[in-house]
Amino acid sequence: MYITANSLYRDTVNFFKTQWLTVFVIIFASSIITATLDNFFAPTSNILIFFHESKKDQYYSLFEFIQTLTPHQQKQLLLFSIIKLISSLVGNTVLIGILIIFIQYISFKNENLFLQLKPKNLFLFLNLFTLILVNTVIIQIGLISLVLPGIILVILLSLSPIILIVNNATIIQSILSSIKMTLCHAKIIFPAVILWLFSKFVVLVVLSDVKVIPEFILLLSLNIIINFISSILVIYLFRFHMLLSA
């Protein structure tokens, strides 16, 4: 079947128009989880933000900045990084997992939605959590080495969560299939993921300097906006995968 980016865009807009309330509930729930986990460890983050703001202009790189910290401060930085990673992974797992299951239910209606979310599928979410963790590590390695490989890896791995859930595939199968599909349909996948990355970057730049809003509200708002952008991409990619498999 011939698939175009314009048809996928129209399908995505139509789906969001008809299911916007449920999608927003999923977005809000995942955002609350991420913001709450981050806020719970706020004292650690505040200390590290103070370290960073007081010294960042003196150094050319993050590694040089870390070397100036005391061993205790370095441990705090490591703890903060782990907390941020876990909160992000948990929030993304909830967002992507429930959203894909919901879209799948709406698209095929082959099983009751509540049955699809029952406790036995906890293993599916653990698998998805692991996949997102593996993808994050791979992408971060690419970003650390050079920025461009990291961006390419984001694009190549973008379909893997959908493949994992819809095809009931393993983590390795999901990653390999995502790379293969993306390379075969680069003109459809690449622009969408690049637009998603650019949109997230703009949101982070704009909201990072906002000081008048309470920290938790700002963090929650930031997560909601980013999750909204991500949900649009997930709907787009799911529709592409559905048409490709038809």
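So, here's what we can say about the structure. Predicted, not measured: the structure shown is a model, and the values here were computed from it.

Parameters at a glance
- Residues numbered from 1 in each chain as written.
- Predicted model: local features only at pLDDT ≥ 70, side-chain atom pairs only at ≥ 80, totals over all residues.
- Heavy atoms only, no water.
- Helix = DSSP H or I, 4+ residues; strand = E, 2+ residues; numbered from the N terminus.
- Buried < 20%, exposed > 50% of the residue type's maximum accessible area, 1.4 Å probe, protein only.
- Areas by Shrake-Rupley, 256 points an atom, 1.4 Å probe, with all protein chains shown as cover.
- Expected span 1.5 Å × (residues − 1).
- Arc of directions from axis to C-beta.
- Salt bridge = Lys/Arg side-chain N within 4 Å of Asp/Glu carboxyl O.
- Phe/Tyr/Trp six-rings, centres within 6.5 Å; stacked < 30°, edge-to-face > 60°.

Looking at the overall build of the protein
Part 1: Helices and strands together make up the secondary structure of the protein, namely 11 helices and zero strands.
Part 2: The N-to-C order of helical and strand elements in the protein reads α-α-α-α-α-α-α-α-α-α-α.
Part 3: Here the protein, with 246 residues, has 40% of them falling under the buried criterion.
Part 4: Of the roughly 14,200 Å² of accessible surface on the protein, a fraction of 71% belongs to carbon and sulfur atoms.

Here we look at helix 9 (residues 171-184)
Part 1: In this model, helix 9 (14 residues) spans 20 Å end to end at C-alpha, consistent with the 20 Å of a helix rising 1.5 Å per residue.
Part 2: Those residues of helix 9 that sit buried are Ile171, Ser174, Ile175, Ser178, Met181 and Thr182. Within helix 9, the buried residues cover an arc of 140° as seen down the axis, which keeps them to one side. For helix 9, exposure combined with an orientation more than 90 degrees from the buried face picks out Ile172, Leu176, Lys180, Leu183 and Cys184.

Considering the pattern of salt bridges
Part 1: Enumeration according to the criterion identifies one salt bridge in this entry.
Part 2: Across the pair Asp11 and Arg239 runs a salt bridge, and its minimum N-O distance is 2.7 Å. Remark: Arg239 occurs in helix 11 (residues 215-245) and Asp11 occurs in helix 1 (residues 5-40); sequence separation between them is 228 residues.
Part 3: For Asp11, a relative accessible area of 24% puts it in the partly exposed group.

Here we look at the environment of Phe102
Part 1: In this structure, Phe102 sits in helix 4 (residues 71-108).
Part 2: Separated by 83 residues in sequence, Phe102 and Gln19 place their C-alpha atoms 9.9 Å apart.

Quick notes on the environment of Thr170
Part 1: Take Thr170: it is sitting in the loop between helix 8 (160-166) and helix 9.
Part 2: Thr170 sits in the partly exposed class, given a relative accessible area of 40%.
Part 3: For the pair Thr170 and Leu131, spaced 39 residues apart in sequence, the C-alpha separation works out to 9.1 Å.

Things to note about the packing of aromatic side chains
Part 1: Taken as a whole and judged by the stated rule, the model has three aromatic pairs.
Part 2: Judged by centre distance (6.2 Å) and plane angle (25°), the rings of Phe24 and Phe28 are stacked. With Phe24 and Phe28 both in helix 1 and four residues apart, the pair spans about one turn of that helix.
Part 3: Phe28 gets classed as partly exposed once you look at its relative accessible area, which sits at 35%.

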